[in-house]
Amino acid sequence: MNVSPKLAIETDRGKARMAYKKILVAVDLGETSAGVIDKAHKLALGQGAQIHVLHAVEPLSITYGGDIPMDFSSIQDEIYEQARDQLSRLCAAKAIPESQRHLVVGRPENEIAATASDLNVDLIVVGSHARFGLALLLGSTADGVLHHAKCDVLAVRVAEAS
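Keep in mind that what you see is a predicted model, and the values were worked out from it rather than measured.

1. With respect to the nonpolar core
Formed by 25 residues in total, the largest nonpolar core has its most connected members in Ile23, Val25, Val27, Ile37, Val53, Leu87 and Val125. Counting residues per element, the ones that place at least two in this core are strand 3 (22-26), helix 1 (33-47), strand 4 (50-57), helix 3 (73-92) and strand 6 (123-128). Tallying contributions element by element places helix 1 first for this core, with 5 residues. Those residues within four positions of isoleucine 37 in sequence are excluded, and the remaining contacts are Val25, Val27, Val53, Leu90, Lys94 and Ile96. Listed in part, the 13 residues of the second largest apolar core include Ala26, Leu54, Ile124 and Cys151.

Shown next as structure tokens:
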């Protein structure tokens, strides 16, 4: 029996159904992001699925907890613009259209799950780090996504930068 490299699921009256139709890949724009997008892109191509790419810019007010009494808006704007440029470069390399690129501001684990729900995706792909324990294995963001998501979550193992 010849088995296709596509993910197989139950058939309905002899007609095979695609496992995933819409995939959201969430990236942190770090050194491993291109590899995560590459793996998700290959999966999407093999499934005939649409791919969306998301980056969530964490607000500086959350990062610093409001302990520093200063206006972060210009810094936040600069971070957002740099993230937009990086996201555009990563997505352009895989010909992912602008309409399927998402840049949001908020806590990543919440924004990833919310965007997945808004887009009605059936798979979220995130990068994971091999350490110890579930939160350390996945990373705190991936662990948070796993607990908030209403669809499948695929953790792609990423190599640590040396």
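Now that the structure has been shown, we can carry on.
2. Quick look at helix 3
Here helix 3 spans 28 Å end to end across 20 residues, near enough to the 28 Å set by a 1.5 Å rise per residue. Every buried residue belonging to helix 3 is among Gln76, Ala83, Leu87, Leu90 and Cys91, and all of these are buried. Taken down its axis, helix 3 places every buried residue within 85° of arc, on the same side. Those residues of helix 3 that are exposed and angled more than 90 degrees off the buried face are Ser74, Asp77 and Arg89.

3. A short note on the sheet that holds strand 6
The strands that make up a sheet are held in pairs by hydrogen bonds between backbone atoms, and each pair lies either parallel or antiparallel. Read across the sheet, 5 strands follow the order 5-4-3-6-7 without closing on themselves; strand pairing throughout is parallel. On the outer flanks of this sheet lie strand 5 (101-105) and strand 7 (152-157), each paired with one strand and no other. The average angle at which neighbouring strand axes cross in this sheet is 25°, direction not considered. The sheet contact formed by strand 3 and strand 6 spans 3 bridges and is parallel. Among the inter-strand pairings, isoleucine 23 is bridged to a residue of strand 6, identified as leucine 123. Helix 1 rests against strand 3, strand 4, strand 6 and strand 7 of the sheet, and its axis sits at about 175° to strand 3. Lying on the sheet, helix 3 is in contact with strand 4 and strand 5; it crosses strand 5 at an angle near 160°.

4. Regarding the pairing of strand 6
Put simply, side chains in a regular strand alternate between the two faces of the sheet. For strand 6, the buried fraction is high: 5 of the 6 residues fall into the buried class. Alignment of strand 6 against strand 7, held across 6 bridges, turns out to be parallel. Directly across from serine 128, in strand 7, lies its bridge partner arginine 157.

What counts, and at which threshold
Residues numbered from 1 in each chain as written. Predicted model: local features only at pLDDT ≥ 70, side-chain atom pairs only at ≥ 80, totals over all residues. Heavy atoms only, no water. Core = buried A, V, L, I, M, F, W, Y, C linked by side-chain atoms within 4.5 Å. Buried < 20%, exposed > 50% of the residue type's maximum accessible area, 1.4 Å probe, protein only. Helix = DSSP H or I, 4+ residues; strand = E, 2+ residues; numbered from the N terminus. Contact = heavy atoms within 4.5 Å. Expected span 1.5 Å × (residues − 1). Arc of directions from axis to C-beta. Pairing = 2+ DSSP bridges. Axes fitted to C-alpha atoms, helices over the stretch in contact; angles between N-to-C directions.

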